[in-house]
Structures are given as structure tokens and as C-alpha cells.
Amino acid sequence: MARLTLDGVTKWFDDDGDRIVAVDDATIEIDDGEFLVLVGPSGCGKSTTLRMIAGLETVSRGAIRLDGAAIDDQPPTTRDIAMVFQSYALYPHMTVRENMRFGLEESTTLSDDEMDRRVEDAAEMMGIADLLDRKPSELSGGQQQRVALGRAIVRDPEVFLMDEPLSNLDAKLRSQMRTELQRLQEDLGVTTVYVTHDQTEAMTMGDRIAILDDGELQQVGTPLECYHEPANRFVAGFIGEPSMNFFEMERDGDTLVGEEFAYPLSAETAEAVADADRVTLGVRPEDVELVSDADADHDFATVVDVVEPMGNENNVYLAFEGNEADGEGVDEDRRTFVATVDGMRAVEADQPVVARIPEEAVHLFDADTGEALRNRTLDAAETTLPSV
Ligand code: ATP
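Residues numbered from 1 in each chain as written. Predicted model: local features only at pLDDT ≥ 70, side-chain atom pairs only at ≥ 80, totals over all residues. Heavy atoms only, no water.

Asks: Can you walk me through the nonpolar core in this structure?
Replies: Side chains that are nonpolar tend, in soluble globular proteins, to be buried together. Counting residues in hydrophobic clusters, the biggest one holds 43 residues, and the most contacted among them are Val-37, Met-100, Ile-128, Tyr-194 and Ile-211. Beyond its immediate stretch of four places on either side in the chain, Ile-211 contacts Val-39, Glu-216, Leu-217, Gln-218, Gln-219, Cys-226, Phe-234, Val-235, Phe-238 and Ile-239. Counting residues in each nonpolar core, the second largest holds 28 residues, with Met-249, Val-288, Leu-290 and Val-347 among its members. (Core = buried A, V, L, I, M, F, W, Y, C linked by side-chain atoms within 4.5 Å. Buried < 20%, exposed > 50% of the residue type's maximum accessible area, 1.4 Å probe, protein only. Contact = heavy atoms within 4.5 Å.)

Below, the structure is given as C-alpha cells:
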């Protein structure tokens, strides 16, 4: 059993008298066996959070608990926690077997036979049993990463901490290791905190994700909650690829008026934004529909700027009509927004199209605070899988 609690955890560094707050009052409850992904842009405080859990940094304020007991005062070696880094940090002069055994020798009193057994079991699990007598320099990057993971597994810890462990791998291997890691974590049932700046990793791997920006926790939720019900504009823009489209609008009664278009709201939606004068309208690329005729309030004449074929789908960059330079394509300085459409759909640059932004798909944020005032409505049928 290992429930990990971060309770108002804060970390500041003193930099020549200036205080740099790296993590500000983070509270997260991570369940036993849960896979929590900590995600955010560079410098948001992910690694510092992980290092505090590992005991490699002190906590300036707040507490970290394992099954309810504070561990802040324990040195890293006595915390039952194993960490895997981006740099594999293998000892170059030791064989794989010695690298995997080393941590056990340092931190346990297991018999030689038991250590050998654990190393061999972990090597089997990671598919590196035939590499045990090689040195790290004789291994590929992917194999080295498996050794680093194997070394964490042999310790049989209460908690795994992983800091961007896949970022040195090429895209294909990364995606394969992602699946392997998830399966492994599920089999072992070890509580895991996984740090990445890659929102795809966060979406695909985490039971829940915690999104940090500038040291502040923005939202903790399942990947789909964060995707469909973002707490604020930051989360909405960070999660999802291509990013959500945003338009700055002023509220004029029940209509939102922007530089390029006006968007009438139903009474119910207008009510949700009644207290805000300036509103950011957000819509995900897959929710923008391309239709043939403009016949509704939420249909807009646009022209295709660029088409990015992805194979299964096309990302179509659109500009509102009137933004073309002298009828010769889209003026480079004008902003575009993106619609994702089926890959088989033929769309070409400079083609006029009608973009439909359905009201049920629209997210609205307070333009001053970024707080979500209204998220897209989800049909129950969209969120539950049909039973087989
Ligand atoms: P990245 O993805 O780039 O590794 P991160 O989200 O892991 O970034 P941290 O390394 O946790 O971010 O850093 C958070 C903030 O704390 C940054 O502004 C960083 O400059 C600052 N910081 C980290 N360590 C120290 C230190 N020892 N002294 C001063 N400031 C530090």
C-alpha cells in the first residue's frame, strides 16, 4: 500500500536575495497503484516536485506523506522510492547485472541469491535477460533505458518516480516504450509519478494528469476530464494537438463580438458568461466543421490557407474571408485557425469554405482570469463505450 500525498507543497530557491518560487502550494492525493503524470511547459516546477518527493530537494513549506506518515525529514536512501531519470545514469564500468544489483547492495540486506533472483526476474520482465553481462556502452539507447527501469524494479519500491524517462528515445521506440511502461506499471501495481512536458504522453499514459504552469497546479483530473472540461484557458491550450483555437471577444448582450466575427449565444450560454465583459472563445480543431452552405448563425465564410495532410486526417488552416491579400491567398500576417477533417476529404489551399463552429462545442473563458466559464457539452453517448 502506498498512497502518496502532497499537502500544500511549496519550494522556493534563494537567488542572490531574490526568492524564486518553483512550486507553489501544490496539493495532490495519489492513490495506491495510481499512475499520475505531472505535465507542464519547461520551468513549471515538475522536476522540483519530483525531487522533493525523492528527498533530493528539501520542502520549503507543506508536507509529503506516504500512507499518511510524513517523509519530508527522511533522507532519500531510507524512502522506499525508486527514481528513473532522463539520462539513464548507468555506471559505465559496471555490467548490466552489476548496475541492476548496485542499488540493492546499497539499500538492502538481501542475500546474494535473493539479489540475483530479483535481477534476473526484472531483466526477464524488461526483455534484457541476454544483455546482463554487457556494459552500458554496448547497448542501444532503448536497451539502456530498459536497464535503468529494471534497476528501479529490482528494488520493489513503494513508489516509482520517473523524470522524462523516454525523451532520449526516437519517436517509434518512445511510443512502444510508453505502452510497455503502462503495462509494467499495471502489472506491478506500484504508485507512479511520471514527469513529462509532452502532452501526448500525459494523455495516453496517465490514470490522472496534474498540469502545472509557473509553479502552480492548474488542474488534476483524468486525461479526458482535462481535455473536455479544462479548468482554464491554460489547460485548454496545453492539452490537445493541434491546440484549441482561441478568439478574443467582447460581450455585447447575448452576442460575442470579435475582430473577425460575431457569435450569437443561446440564452443558456449567455447566462454562463453574464458576469464577464471580455470572453475568450475556444473551439477544438475537430469540432470545427467544414460545410458547403452558410445557413446558420454559427457558420462563417473562410478561405483555406494551408492544408497539412496527416494521412488519417487533414489539419486545415483557415482565415476568415476578407483576410486574403488582393484575392491572392491569405495575407501572411492575418491569423488563421485550424479545423481537423477526415483525411479522405479533398481540401485545397485558397479554396473558399464555410466553417461551422457549433455552439455545443464551444468553450468560453473569462479573458481576464482565464477561468473556464462554460465547457463544451458532452453527449452521454460520446463518453461511454458501447458494450460488446
Ligand atoms: P524542465 O521541463 O525544463 O526540466 P521543470 O518543469 O522540471 O522544467 P524545474 O526544473 O522544476 O522545472 O524548475 C522550476 C523553476 O525553478 C525554474 O524556474 C528553475 O529555473 C527554478 N530552479 C530549479 N532549480 C533551481 C535551483 N537550484 N536554484 C534556483 N532556481 C532553481
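Asks: Could you clarify how one ought to interpret the site of the ligand in this entry?
Replies: Around the ligand sit Phe-13, Ile-20, Ala-22, Pro-41, Ser-42, Gly-43, Cys-44, Gly-45, Lys-46, Ser-47 and Thr-48, and that is every residue in its neighbourhood. A distance of 3.0 Å is found between an oxygen atom of the ligand and a backbone nitrogen or oxygen belonging to Cys-44. Between the ligand and the protein, one listed contact pairs an oxygen atom with a backbone N or O atom of Gly-45 at 3.0 Å. Protein chains bury 59% of the 640 Å² of accessible surface belonging to the ligand in isolation. For the shell around the ligand, the secondary structure elements donating two or more residues are strand S2 (18–30) and helix H1 (46–54). Residue contributions to the shell around the ligand peak at three residues, all from H1. Grouping the amino acids of the shell around the ligand by side-chain chemistry returns five nonpolar, five polar and one charged. (Near = heavy atom within 4 Å. Polar contact = N/O pair within 3.5 Å; in protein donor to acceptor, adjacent residues only side chain to side chain. Areas by Shrake-Rupley, 256 points an atom, 1.4 Å probe, with all protein chains shown as cover. Helix = DSSP H or I, 4+ residues; strand = E, 2+ residues; numbered from the N terminus. Nonpolar A, V, L, I, M, F, W, Y, C, P; charged D, E, K, R; others polar.)

Asks: Looking at this model, I keep getting lost on helix H3 (residues 112–125). Mind explaining?
Replies: Owing to its 3.6 residues per turn, the α-helix brings residues three or four apart onto one side. Taking 1.5 Å of rise per residue, the 14 residues of H3 would be expected to cover 20 Å, and the 20 Å separating its terminal C-alpha atoms lies within 8% of that figure. Considered for burial, the residues of H3 that qualify are Met-115, Arg-118, Val-119, Ala-122 and Ala-123. For H3, the angular spread of buried residues about the axis comes to 130°, placing them on one side. Across from the buried face of H3, at angles greater than 90 degrees, the exposed residues are Asp-113 and Glu-124. Tucked inside the fold, the buried residues of H3 contact helix H2 (96–107) and helix H4 (141–154). (Expected span 1.5 Å × (residues − 1). Arc of directions from axis to C-beta.)

Asks: Mind showing me how you'd approach the pairing of strand S3 (residues 35–39) here?
Replies: Two faces, one strand: in a regular strand the side chains alternate between the faces of the sheet. Summarising burial for S3: five of the five residues are buried, a large majority. A two-sided burial pattern is seen for S3, the buried positions comprising Phe-35, Val-37 and Val-39 on one face and Leu-36 and Leu-38 on the other. Alignment of S3 against strand S8 (residues 191–196), held across five bridges, turns out to be parallel. Its bridge partner being in S8, Phe-35 is matched across the sheet by Thr-192. Looking at chain direction, S3 and strand S9 (residues 208–213) are connected through four bridges and run parallel. In the strand pairing of S9, Leu-38 is matched with Ala-210. (Pairing = 2+ DSSP bridges.)

Asks: What should I look at first to understand the packing of aromatic side chains in this one?
Replies: Each aromatic ring pair is described using two quantities: the centre-to-centre distance and the angle formed by the ring planes. What the rule picks out here adds up to 13 aromatic pairs. Pairing Phe-247 with Phe-337 gives two aromatic rings, centres 5.4 Å apart and planes at 75°, and the pair type is edge-to-face. One end of the pair, Phe-247, is in strand S11 (residues 245–252); the other, Phe-337, is in strand S18 (residues 337–342), with 90 residues separating them in the sequence. Each member of the pair, Phe-247 as well as Phe-337, carries the same accessibility label: buried. One aromatic cluster in this structure is built from Phe-247, Phe-261, Tyr-263, Phe-300, Phe-320 and Phe-337. Directly above the ring of Trp-12 sits Arg-19, whose terminal nitrogen or CZ lies 3.9 Å from the centroid. The ring of Phe-246 has Arg-233 lying over it, and the distance from NZ or CZ to the ring centre is 4.1 Å. (Phe/Tyr/Trp six-rings, centres within 6.5 Å; stacked < 30°, edge-to-face > 60°. Lys NZ or Arg CZ within 6 Å of the ring centre and 35° of its normal.)

Asks: What's the story with the layout of surface pockets in this structure? I'm lost.
Replies: Picture a little ball the size of a water molecule; that probe, rolled over the atoms, points out where space is still empty. Volume-wise, the largest pocket comes out at about 630 Å³. If you go around the largest pocket, you meet 19 residues; those closest to its centre are Ile-81, Met-83, Phe-85, Gly-103 and Arg-155. Of all the secondary structure elements, the ones that give two or more residues to the lining of the largest pocket are strand S6 (81–84), H2 and H4. Of the residues in the lining of the largest pocket, the class split is 13 nonpolar, three polar and three charged. (1 Å grid on protein atoms, 1.4 Å probe; cavity = no way out; pocket = protein on both sides within 12 Å on 5 of 7 lines; lining within 4 Å. Points joined across faces, edges and corners; volume = space filled by probe spheres on them.)

Asks: Even after reading the chapter, I still don't get the sheet that holds S18, so can you show me in this structure?
Replies: The strands making up a sheet are joined through hydrogen bonds of the backbone, oriented either antiparallel or parallel. Spatial strand order, S15-S19-S16-S17-S18: five strands in an open sheet with antiparallel pairing. Sheet topology places strand S15 (289–291) and S18 at the edges, where each strand pairs with a single neighbour. Ignoring strand direction, the axes of neighbouring strands in this sheet form an average angle of 50°. (Axes fitted to C-alpha atoms, helices over the stretch in contact; angles between N-to-C directions.)

Asks: Please clarify how a negative patch on the surface should be interpreted in this entry.
Replies: Among the surface-exposed residues, Asp-14, Asp-15, Asp-16 and Asp-18 lie close enough to one another that they form a single negatively charged patch. Its place among the elements puts Asp-18 in strand S2. Residue class for Asp-18 comes out exposed when judged on its relative accessible area of 51%. (Patch = residues over 30% accessible without salt bridge, like charges linked within 9 Å, V, L, I, M, F, W, Y side chains within 5 Å. Salt bridge = Lys/Arg side-chain N within 4 Å of Asp/Glu carboxyl O. Lys, Arg positive; Asp, Glu negative; His and termini not counted. Charge placed at Lys NZ, Arg CZ, Asp CG, Glu CD.)

Asks: Got a minute to help me understand the domain arrangement of the protein chain in this structure?
Replies: Interface size is often expressed as the accessible area that is lost when the parts come together. Assigned domains within the protein chain: domain 1 (4–237) and domain 2 (245–373). With centres defined by C-alpha atoms, the gap from domain 1 to domain 2 works out at 39 Å. Taken together, the contacts link eight residues of domain 1 with 10 residues of domain 2. Buried surface at the junction of domain 1 and domain 2, summed over both partners, amounts to about 780 Å²; 52% is from carbon and sulfur atoms. For the pair domain 1 and domain 2, the number of links is one salt bridge. (Domains from an automatic or database assignment. Buried area = accessible area lost by both parts, 1.4 Å probe.)

Asks: Sorry, what's going on with the environment of Asp-366 here?
Replies: Here Asp-366 is to be found in strand S20 (residues 363–366). Residue classification places Asp-366 among the buried positions, given a relative accessible area of 16%. Asp-366 sits 133 residues away from Arg-233 along the chain, and the two C-alpha atoms are 8.5 Å apart. The residues touching Asp-366, leaving out its near neighbours within four places in the chain, are Ala-276, Arg-278, Glu-371 and Leu-373. Among the polar contacts listed, one links the side chain of Asp-366 to the backbone nitrogen of Thr-369, at a separation of 3.2 Å.

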